[in-house]
Amino acid sequence: MAAVSDRLPAFPWDKLAPYKATAAAHADGIVDLSVGTPVDPVPELIQRALIGAADSPGYPTVWGTPALRDAITGWVRGRLGASAAEHRNVLPVVGSKELVAWLPTQLGLGAGDKVAYPRLAYPTYEVGARLCGAEAVLYDDPTELDPAGLKLLWLNSPSNPTGQVLPKEELIRIVAWAREHGILVFSDECYLELGWEAEPVSVLHDDVCGGSYEGLVAVHSLSKRSNLAGYRAAFVAGDADVLGELLEIRKHSGMMTPAPVQAATVAALGDDVHVEEQRGRYAARRAALRGALEAHGFRVEHSEASLYLWVTRDEPCWETVAYLAGLGILVAPGDFYGEAGARFVRVAFTATDERVEAAVKRLG
């Protein structure tokens, strides 16, 4: 039996283990700014909704409760500017990483098909292509790609790892090109509510898509905006035909968001106060770390949105990782996200205020 894992690259985070050990040996402990996992409490109103739905003995539905679909469509209309969104345009998923990794397989792609994603990108786009045997294709500008055989185009704005935001005009241009060539666009917008120096725009915004979701799907997650990474709460929105097909496949494979998580998602999407409070925490941490890194001689590029600073000292990224580990600070090497990141590191500002303060002190 051939191992499916043989198709996949080495799991990148395993390579950080010795540097994590070095950072952990610091007298004041490690400051882990590598993975970017939320550390702040889940808002109480979301916890209450989860607890209130704890007595859920029956199977949940893959499409979600009507209340969940109402919450998602309402949020998509109001926050994304997708005024025509209806229930048939939304689908809950079990965390966005699951969706990204298995999407090409669920779309029926395979040998001879191409999946394209940015040259600097979240590694799971490549994993998804490899799992189904499709060809992974990198791009700087997607409209310069050969459209022959290109079945799935990933956009990512705001970007992980760089924090770069695609302007509305650029999205309009890319959508027009993809539609001209019949290419399905999935736009990973999981950091859309974390714009700092730019205002991210969804591919589903009326101004971008012209009020039609044909060939377009946006991916959203509550992991970062609501501290729900442990809940695996996410959804996709857009082309009803594409989502209808995914719904049928996911019903057969039992890919259901747990009922308590569905209830928690309704509460999270219905409240903006906790989102703004969390933004405030991240803004303060971002400002503190950016100032300390720049004063220490780092250069910050892009980083106008998301939960990361994309920084360099103009040296190989692993030298930077080792240097910062010596200060007790763990960061992600840029080459985790592609060869183009070989001289950068990604610094997450998701640590606690106390740990961020420790990092700033060490850099000072």
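Look up: the structure comes first, before these words.
Report follows, based on the coordinates. None of the values given here were measured: they were computed from a predicted structure.

Calculation criteria
- Residues numbered from 1 in each chain as written.
- Predicted model: local features only at pLDDT ≥ 70, side-chain atom pairs only at ≥ 80, totals over all residues.
- Heavy atoms only, no water.
- Helix = DSSP H or I, 4+ residues; strand = E, 2+ residues; numbered from the N terminus.
- Rg over C-alpha atoms; globule rule 2.2 N^0.38 Å.
- Buried < 20%, exposed > 50% of the residue type's maximum accessible area, 1.4 Å probe, protein only.
- Contact = heavy atoms within 4.5 Å.
- Salt bridge = Lys/Arg side-chain N within 4 Å of Asp/Glu carboxyl O.
- Disulfide = S-S within 2.5 Å.
- Pairing = 2+ DSSP bridges.
- Axes fitted to C-alpha atoms, helices over the stretch in contact; angles between N-to-C directions.
- Parallel < 35°, antiparallel > 145°, perpendicular 65-115°, else oblique.
- Left-handed = near helix turned anticlockwise from the far one by under 90°.
- Nonpolar A, V, L, I, M, F, W, Y, C, P; charged D, E, K, R; others polar.

This part covers the overall build of the protein chain. If you tally the helices and strands in the protein chain, you get 12 helices and 13 strands. The C-alpha radius of gyration computed for the protein chain amounts to 20 Å, which stays within 12% of the reference 21 Å derived for 364 residues, consistent with globular compactness. Counting only C-alpha atoms, the protein chain reaches 55 × 50 × 50 Å along its principal axes. The buried share among the 364 residues of the protein chain stands at 55%. Long-range pairs, those at least 24 residues apart, make up 75% of the contacts in the protein chain between residues at least 6 apart in sequence.

Let us now look at the pattern of salt bridges. Inspection of the entire model under this criterion finds 25 salt bridges. The partner of R130 in a salt bridge is E126, and the shortest N-O contact between them spans 2.8 Å. Taken together, the positions of R130 and E126, both in helix α5 (residues 124–132) and four residues apart, correspond to about one turn of that helix. The partly exposed category is assigned to R130, whose relative accessible area is 31%. Note on E126: relative accessible area 22%, which makes it partly exposed. Ionic contacts of the salt-bridge type, sharing partners, join the residues D28, E354, R355 and R362 into one network.

Our focus in this paragraph is the state of the cysteines. Tallying each qualifying case throughout the model produces zero disulfides. C209 carries a free sulfur, and the closest cysteine sulfur to it, the one in C190, is 18 Å from it. On the basis of relative accessibility, which here comes to 4%, the residue C209 falls in the buried class.

This part takes up the sheet that holds strand β10 (residues 308–312). Across the sheet, which stays open at both edges, the four strands sit in the order β9-β10-β13-β12 with antiparallel pairing between neighbours. The strands lining the two open edges of the sheet, one partner per strand, are β9 (299–301) and β12 (332–333). For β12 and strand β13 (residues 345–348), the ladder comprises two bridges, and the chain directions are antiparallel. Its bridge partner lying in β13, P333 is registered against V345. Running over the sheet, helix α10 (residues 273–295) touches β9, β10 and β13 and is turned about 5° from β10.

Okay, the packing of helix α2 (residues 44–52) against helix α9 (residues 259–269) next. Interaxial distance between α2 and α9 falls to 7 Å at its minimum, and their mutual angle equals 150°. Here α2 is positioned roughly antiparallel relative to α9, judged by the angle of their axes. Considering how the two elements wind past one another, α2 and α9 form a crossing that is right-handed. Contact with α2, carried on its side by L45, I46, A49 and L50, involves P260, V261, A263, A264, A267 and A268 of α9 and no other residues of that element. Here the residues of the contact of α2 with α9 sort into 10 nonpolar, no polar and no charged.

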